[in-house]
Amino acid sequence: MGLDNVAVKWPRTGRFYDPVAPAEFVDFAELADDPQVSAPTAALAGHIAKTGTVRATAYTELVDLLLGLDGVLYATEAAAEDEDPVIDPDGCAWIAGGLERFVESHREHGEAVTFDTVGAVLRAALAGGRLADQQLRWLDNRLDGLRDESGGAPQWSFSRSELGVLSRFYRRCADRGFAVYADF
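A brief look at the structure comes next. All values reported here derive from a predicted model rather than from experimental measurement.

1. Overview of the pattern of salt bridges
Point 1. Inspection of the entire model under this criterion finds ten salt bridges.
Point 2. For the salt bridge of Arg12 with Asp84, the shortest nitrogen-to-oxygen distance reads 2.3 Å. Pair noted here: Arg12 is in the loop between strand E1 (4-9) and helix H1 (28-33) and Asp84 is in the loop between helix H4 (76-82) and strand E3 (86-87), with a separation of 72 residues, a long-range link.
Point 3. We classify Arg12 as partly exposed; its relative accessible area is 36%.
Point 4. Ionic pairing is found between Arg147 and Asp144, a salt bridge with its closest N-O pair at 3.8 Å.
Point 5. Judged by relative accessible area, which is 32%, Arg147 ranks as partly exposed.
Point 6. Sharing partners across several salt bridges, the network here consists of Asp27, Arg168 and Arg172.

Right under this line is the structure:
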């Protein structure tokens, strides 16, 4: 069992959050049916279209790295505050924005998103900042922390288009006032 991010109505009414009808994501099916789309991108889009849910386990390390926090898709901050692991619509907008900026910045590195290309994109983004040296050291520590005991990098296998679909899910939730419940 892994982590699912389920679109839910915000705010909750009563004791539980009501799931959003998958019909709110039906347009994702068009992407899933496009023969030009890679299989992982089509699978993600199809799952979202059918369920209004993202199987988020595969994306947790990457999203945490891109956004600079731990447990973003697990909604750990919200769990401590609200006792519910929920990402509110503003949080969905923040996640979508970070993913959108990354996807656009990754364009010059091609379609395949790897550990090395993620590091290159993040280094380029931090290099011109006010505290570039400090932030680059922080990034290097984060990247080193993701390596295994023998120094091997995570075997990420994503595409820009797949991450684009992921960002569209969170953007849709933000734009329509939905929250995301972290179900694990």
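2. Topic: the pairing of E1
Point 1. Bridge analysis of E1 against strand E2 (residues 53-55) gives three bridges, and the strand direction is antiparallel. Considered in E2, the bridge of Val6 is made with Thr53.
Point 2. Where E1 meets strand E6 (residues 178-183), six bridges bridge the pair, whose relative direction is antiparallel. The residue bridging Val8 from the neighbouring strand is Ala179, located in E6.

Calculation criteria
Going along each chain's sequence as written, the residues are numbered from 1 onward. pLDDT decides what is reported in this predicted model: residues at 70 or higher carry local features, side-chain atom pairs at 80 or more are listed and counted, and totals for whole chains, interfaces and linings draw on all residues regardless. With hydrogens and water excluded, all non-hydrogen atoms of the structure serve as input to the side-chain values. Salt bridges, as used here, are contacts in which a Lys or Arg side-chain nitrogen is within 4 Å of a carboxyl oxygen on Asp or Glu. For the purposes of this entry, the term helix denotes a DSSP run of H or I that reaches at least four residues, the term strand denotes a run of E that reaches at least two, and both are numbered from the N terminus. Buried, partly exposed and exposed residues are distinguished by accessible area as a fraction of the type maximum, computed with a 1.4 Å probe on protein chains only: under 20%, between the cut-offs, and over 50%, respectively. For two strands to count as paired, DSSP must find a minimum of two bridges between them.

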